[in-house]
Amino acid sequence: MKQINLFLTFDYELPLGGWTVSPESALIEPTQKILALCDKLQVHAVFFVDVLCMIRFRRLENNTFEKAVRKQLAEIVEKGHDIQLHLHPHWFTSGLENGKYQPSKDFRLADFCPHEIADMVVQGIAYLNEIAKPVNPDYSCVAFRAGGLNLENSPVFFQILSENGIRIDSSLCHGYYYASEISTVDHNNLPNQANWYFKNGKYNVPATSGIYEIPIAGKSKSVFEIPTWIKVKIHKDRMPENRGKMIHRDAQLSFRKKLRKALSARMLSFDNYTYSTRFLMRILHHNIKCFGRQPVINLAIISHPKSMDVYHYQLMEDYIVSVRKHYGNRIAFRTFHDYFQSLSS
């Protein structure tokens with residue numbers, strides 16, 4: 001019987017372009033609702049913590065938000081969930097004074113030199129350890145997700161991750177393409193398999209060791225689907241509370257790039273209000289069909305607490321119930337820390 005492992009992952013971060021409600025309302029409150037839902041469904045989740053944001057808030061004279069974050073993250077670990085490393089490096093150069101936030105355009109890891117990236121990784125892991133170790137002495141930071149899915153594909157970067165104990169990455173999605181004025185992400189030339197290892201910064205060579213990739217499940221958009229701008233109007237009643245702004249601005253793109261962006265893979269996620277349970281199941285079926293020859297398939301689901309509201313919580317519940325009903329014991333919901341221990345045993 002083929003084993004399929006699903007990883008419920010949430011990028012634990014504030015709206016990157018600025019928040020229109022309190023930071024607590026933008027992040028901590030929706031996360032509490034996700035935790036309550038996980039309790040109800042008896043599943044564990046992974047929270048990729050935007051650590052550089054929290055470190056910046058910690059330096060403020062009035063850092064009540066970051067203190068509340070630490071309290072919530074400790075609760076997350078105590079409940080058996082997982083916290084792992086998420087880096088939005090623009091926090092290194094963004095302005096944050098007296099509650100005023102001015103986001104930098106240094107959005108990609110590639111905008112920084114190796115010793116700066118190493119400093120981010122070291123500080124981030126230390127921050128997570130400080131929170132998790134007192135609650136769970138067996139905790140270790142083993143997984144990474146790049147901010148904006150801008151994975152820096154270089155030998156030096158993967159060496160930095162490896163030297164600091166990172167063994168799993170979850171930043172990629174087959175067929176995903178995105179472009180803005182500060183970021184271009186192209187995941188169209190990934191290995192034709194569910195999971196693989198990075199070796200010397202490359203992911204297109206055979207390898208049985210290195211950093212293991214657990215990608216986000218996705219499916220390229222069909223030209224026959226209803227255009228997104230129409231779906232947005234049809235389902236506007238599902239829109240979440242406006243908690244903040246995006247950091248991205250549209251870039252001048254060629255027709256070819258606009259088409260690639262329009263047909264980019266749709267990721268398995270709960271925080272898109274145009275999605276339905278049926279659509280999310282279709283993404284999962286597609287991935288299982290594509291990679292069905294592999295004995296084990298590991299796939300991540302990506303969502304953001306800041307973008308979730310009433311409809312999205314219900315979508316999450318309905319999807320998990322549907323997955324269990326359709327696949328039964330063939331599918332398990334795992335965490336990266338849990339899975340890493342099984343890889344190491």
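Preceding this paragraph is the structure being described.
For clarity, every value in this text was computed on a predicted model and none was experimentally measured. (Residues numbered from 1 in each chain as written. Predicted model: local features only at pLDDT ≥ 70, side-chain atom pairs only at ≥ 80, totals over all residues. Heavy atoms only, no water.)

Caption draft 1: Geometry of the overall build of the protein chain. What the protein chain contains, in helices and strands, is 10 helices and 15 strands. In terms of overall size, the protein chain behaves like a compact globule, its C-alpha atoms giving a radius of gyration of 19 Å where 345 residues would be expected to give roughly 20 Å. With the C-alpha coordinates aligned to their principal axes, the bounding extent of the protein chain is approximately 55 × 50 × 45 Å. Intrachain contacts of the protein chain at a sequence separation of at least 6 include 79% that bridge at least 24 residues. Just so you have it, the protein chain exposes about 15800 Å², and 51% of that area is on carbon and sulfur atoms. Where the 42 positive side-chain charges of the protein chain centre and where its 33 negative ones centre are 9 Å apart. (Helix = DSSP H or I, 4+ residues; strand = E, 2+ residues; numbered from the N terminus. Rg over C-alpha atoms; globule rule 2.2 N^0.38 Å. Contact = heavy atoms within 4.5 Å. Areas by Shrake-Rupley, 256 points an atom, 1.4 Å probe, with all protein chains shown as cover. Lys, Arg positive; Asp, Glu negative; His and termini not counted. Charge placed at Lys NZ, Arg CZ, Asp CG, Glu CD.)

Caption draft 2: Region of the structure containing the nonpolar core. Leu6, Ile83, Leu85, Phe144 and Tyr319 are the most contacted members of the largest nonpolar core, which totals 94 residues. Not counting residues within four places of it along the chain, the set of residues in contact with Ile83 comprises Phe47, Val49, Leu73, Ile76, Val77, Leu128, Ile131, Ala132 and Tyr139. Counting residues in hydrophobic clusters, the runner-up holds 20 residues, among them Val46, Leu149, Ile214 and Met267. (Core = buried A, V, L, I, M, F, W, Y, C linked by side-chain atoms within 4.5 Å. Buried < 20%, exposed > 50% of the residue type's maximum accessible area, 1.4 Å probe, protein only.)

Caption draft 3: The arrangement of the pattern of salt bridges in detail. Scanning the model with the defined rule gives 13 salt bridges in all. The salt bridge partner of Arg145 is Asp11, with a shortest N-O separation of 2.9 Å. Here Arg145 is found in strand E6 (residues 143–146), whereas its partner Asp11 is found in strand E1 (residues 3–12), with 134 residues between them in sequence. Classification of Asp11 as buried rests on a relative accessible area of 4%. A salt bridge links Lys40 to Glu317; its shortest N-O distance comes to 2.9 Å. Placement of the pair is Lys40 in helix H1 (residues 23–41) and Glu317 in helix H9 (residues 310–327), with a sequence separation of 277 residues. Linked by salt bridges that have partners in common, Arg58, Glu66, Arg70 and Glu130 make up one network. (Salt bridge = Lys/Arg side-chain N within 4 Å of Asp/Glu carboxyl O.)

Caption draft 4: Quick look at the environment of Leu343. With respect to the helices and strands, the residue Leu343 is situated in helix H10 (residues 336–344). In sequence terms Leu343 and Arg167 are 176 residues apart; their C-alpha atoms lie 10.0 Å from each other.

Caption draft 5: Highlighting the packing of helix H8 (residues 277–290) against H9. It is the contact of H8 with H9, at a shortest axis distance of 9 Å, that shows an interaxial angle of 45 degrees. The angle between the axes of H8 and H9 places the two elements in the oblique class. Between H8 and H9 lies a crossing whose hand is right-handed. Note on element contacts: H9 touches H8 through Leu315, Asp318, Tyr319, Ser322, Val323, His326 and Tyr327, opposite Thr277, Leu280, Met281, Leu284, His285 and Ile288. Tallied by class, the residues present in the contact of H8 with H9 amount to 8 nonpolar, 4 polar and 1 charged. (Axes fitted to C-alpha atoms, helices over the stretch in contact; angles between N-to-C directions. Parallel < 35°, antiparallel > 145°, perpendicular 65-115°, else oblique. Left-handed = near helix turned anticlockwise from the far one by under 90°. Nonpolar A, V, L, I, M, F, W, Y, C, P; charged D, E, K, R; others polar.)

Caption draft 6: Representation of the side chain of His187 in the model. You can see His187 is positioned in the loop between strand E9 (184–186) and strand E10 (196–198). Judged by its relative accessible area of 4%, His187 falls in the buried class. If sequence neighbours within four positions are ignored, His187 has contacts with Leu149, Ser171, Leu172, Cys173, His174, Gly175 and Tyr176.

Caption draft 7: Up close: unusual backbone geometry. Of note, the phi angle at Gln42 is positive, near 55 degrees, even though the residue is not glycine. Here Gln42 lies in the loop between H1 and strand E2 (46–50). Since its relative accessible area comes to 70%, Gln42 is described here as exposed. The phi angle at Leu149 is positive, at roughly 60 degrees, despite the residue not being glycine. Among the secondary structure elements, Leu149 is positioned in the loop between E6 and helix H5 (155–163). Looking at Leu149, the relative accessible area reads 7%, which means it is buried.

Caption draft 8: Quick peek at H9. The terminal C-alpha atoms of H9 lie 26 Å apart, and with 18 residues this matches the ideal 26 Å at 1.5 Å per residue to within 8%. Among the structural elements, E1, H1, H8, strand E14 (296–303) and strand E15 (331–334) are those in contact with the buried residues of H9. In the segment just after H9, Gly328 is the residue with positive phi, at about 60 degrees. (Expected span 1.5 Å × (residues − 1).)

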